[in-house]
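Observations on chain architecture
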Amino acid sequence: MGSDQLVDDEIAATINELLTRRGFIVTEQNPQYKMKIQYQTEITKQKILMSSAYASSSSDYDSGSDYSGLGVVFALAMAAASTSNTSSSQTIDIEYDMYKHRLACEIHSESDQVIWQNETFVDSHQLDILSAYIPLLQIAFSSLPTTDKVIPRVKKLNEGRLRDFANIYISRKVVMCPALPNHIKFLDSRYYDDERYAKFEPLGISDPSAIMAYIDLLRTAEYAIPSGNEKDWKNPSEKTLWKKATLIGRYYLGQDEAPVNVVISLKGNSHNYLVDKCRLVSDEAYQQHLDRYNAWKLALVDYYNFFEE
């Protein structure tokens, strides 16, 4: 299990932040419940798959409860179906090192009884668990109660620094989103110009000052709105619905007093999603997206309502 103090501290800080967003009061002074997190990284040998394992969770969701986390449940189901449908002809007979990152989460009562537990894991090309731990935590926490009243605050990028920031933190990296079955990539100018040694210039990013809000939303969103409408969503697993997806969220930037409305548009294929547009929108435009967001959540509730009352 992990023991590096710097990693422990960063994961602990993120746990506090993600739980606070859900409406929990996190304290070390006489807590009513205690959370225990253990992490582990294993090295494995794997053959290259055209569609490889994405992320998995061992938690059981009770569809008869408050339907928490259905967006994540559905994304994991789509990822599992995609992996199981991968034919042997799509396997390239080359073995290489992969790293399986695991996060085991437990909540203990005052009498030290385990009242909630979850284990999430993902296969990654990167050894550092910090490259994947935020989405893994969000997948785990998605089965806990939440609120939409807490608006996260993220750092605000200095004007003119997007290109430099992107070269360090975005270039050649993929993002895992709890609400989607495939990884996400940012497109850049080299994709079109074939300038292998040119600097990374991310495309589709409006209002660069909000880049940390865009990245945070990609890593933590629990619901992704597919294309179509309520009629189309009667069968939400229809692949054509997921050629496009939208993520929405509200954030405070830096020390700004007014929150901003973030909308991210994605284009998907069988292997990954590409960021099409990241932008800030007006309250009126955001409300239109929010209406679709709420309608999609209701469609998932109806889809997972398997049993009679």
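Located above this text is the structure these notes cover.
So, here is what we can say about the structure in this document.

Conventions adopted
- Residues numbered from 1 in each chain as written.
- Predicted model: local features only at pLDDT ≥ 70, side-chain atom pairs only at ≥ 80, totals over all residues.
- Heavy atoms only, no water.
- Helix = DSSP H or I, 4+ residues; strand = E, 2+ residues; numbered from the N terminus.
- Buried < 20%, exposed > 50% of the residue type's maximum accessible area, 1.4 Å probe, protein only.
- Areas by Shrake-Rupley, 256 points an atom, 1.4 Å probe, with all protein chains shown as cover.
- Salt bridge = Lys/Arg side-chain N within 4 Å of Asp/Glu carboxyl O.
- Phe/Tyr/Trp six-rings, centres within 6.5 Å; stacked < 30°, edge-to-face > 60°.
- Lys NZ or Arg CZ within 6 Å of the ring centre and 35° of its normal.
- Pairing = 2+ DSSP bridges.
- Contact = heavy atoms within 4.5 Å.

1. Side note on the overall build of the protein chain
Looking only at helices and strands, one finds seven helices and 11 strands in the protein chain. A buried classification covers 41% of the 309 residues belonging to the protein chain. When the accessible area of the protein chain is evaluated, it comes to approximately 17600 Å², of which 48% is carbon and sulfur surface.

2. A few points about the pattern of salt bridges
Under the definition given, this model contains nine salt bridges. The salt bridge partner of Arg21 is Asp216, with a shortest N-O separation of 2.8 Å. A residue pair is termed long-range when its members are at least 10 positions apart, and Arg21 in helix α1 (residues 5–21) and Asp216 in helix α6 (residues 211–220) qualify at 195 residues. Residue Asp216 is classed as buried on the basis of its relative accessible area of 14%. Among the salt bridges present, the one from Lys267 reaches Asp276, with a minimum N-O distance of 4.0 Å. Residue Lys267 is classed as partly exposed on the basis of its relative accessible area, which comes to 43%.

3. Let's talk about the packing of aromatic side chains
The tally for this structure, following the rule as stated, stands at 10 aromatic pairs. A centroid spacing of 5.3 Å and a plane angle of 85° characterise the contact between Tyr303 and Tyr304, whose relative ring orientation is edge-to-face. Here Tyr304 falls in the buried class, since its relative accessible area comes to 10%. An aromatic cluster is built from Phe74, Trp233, Trp242, Trp296, Tyr303, Tyr304 and Phe306, whose rings are joined through pairwise contacts. Just above the ring of Phe121 sits the side chain of Arg102; from NZ or CZ to the centre is 5.0 Å. The lysine or arginine in question, Lys297, covers the ring of Tyr223, its NZ or CZ lying 5.1 Å from the ring centre.

4. Structural notes on the pairing of strand β11 (residues 272–281)
Along any regular strand the residues' side chains alternate between the sheet's two faces. Here strand β7 (residues 183–186) runs beside β11; their pairing, made up of four bridges, is parallel. Each residue of the ladder has a partner; that of Phe186, found in β11, is Val275. Where strand β10 (residues 260–268) lies against β11, eight bridges are found, and the strand directions are antiparallel. Its bridge partner being in β11, Leu266 is matched across the sheet by Val275. Counted between consecutive antiparallel strands, the loop separating β10 from β11 contains three residues.

5. Quick word on the environment of Val154
If you trace the backbone, Val154 turns up in strand β5 (residues 153–154). Sequence-wise, Val154 and Gly254 are 100 residues apart; in three dimensions their C-alpha atoms are separated by 6.0 Å. In contact with Val154, other than residues within four places in its own chain, are Met212, Ala213, Asp216, Tyr251, Tyr252, Leu253 and Gly254.

6. Overview of the pairing of β7
Side chains Ile184 and Phe186 of β7 all project onto a buried face; the interleaved residues His183 and Lys185 project onto a face where none is buried. Bridge count for strand β6 (residues 174–175) against β7 is two bridges, and the pairing is antiparallel. When the sheet's bridge partners are listed, Val174 is paired in β7 with Lys185.

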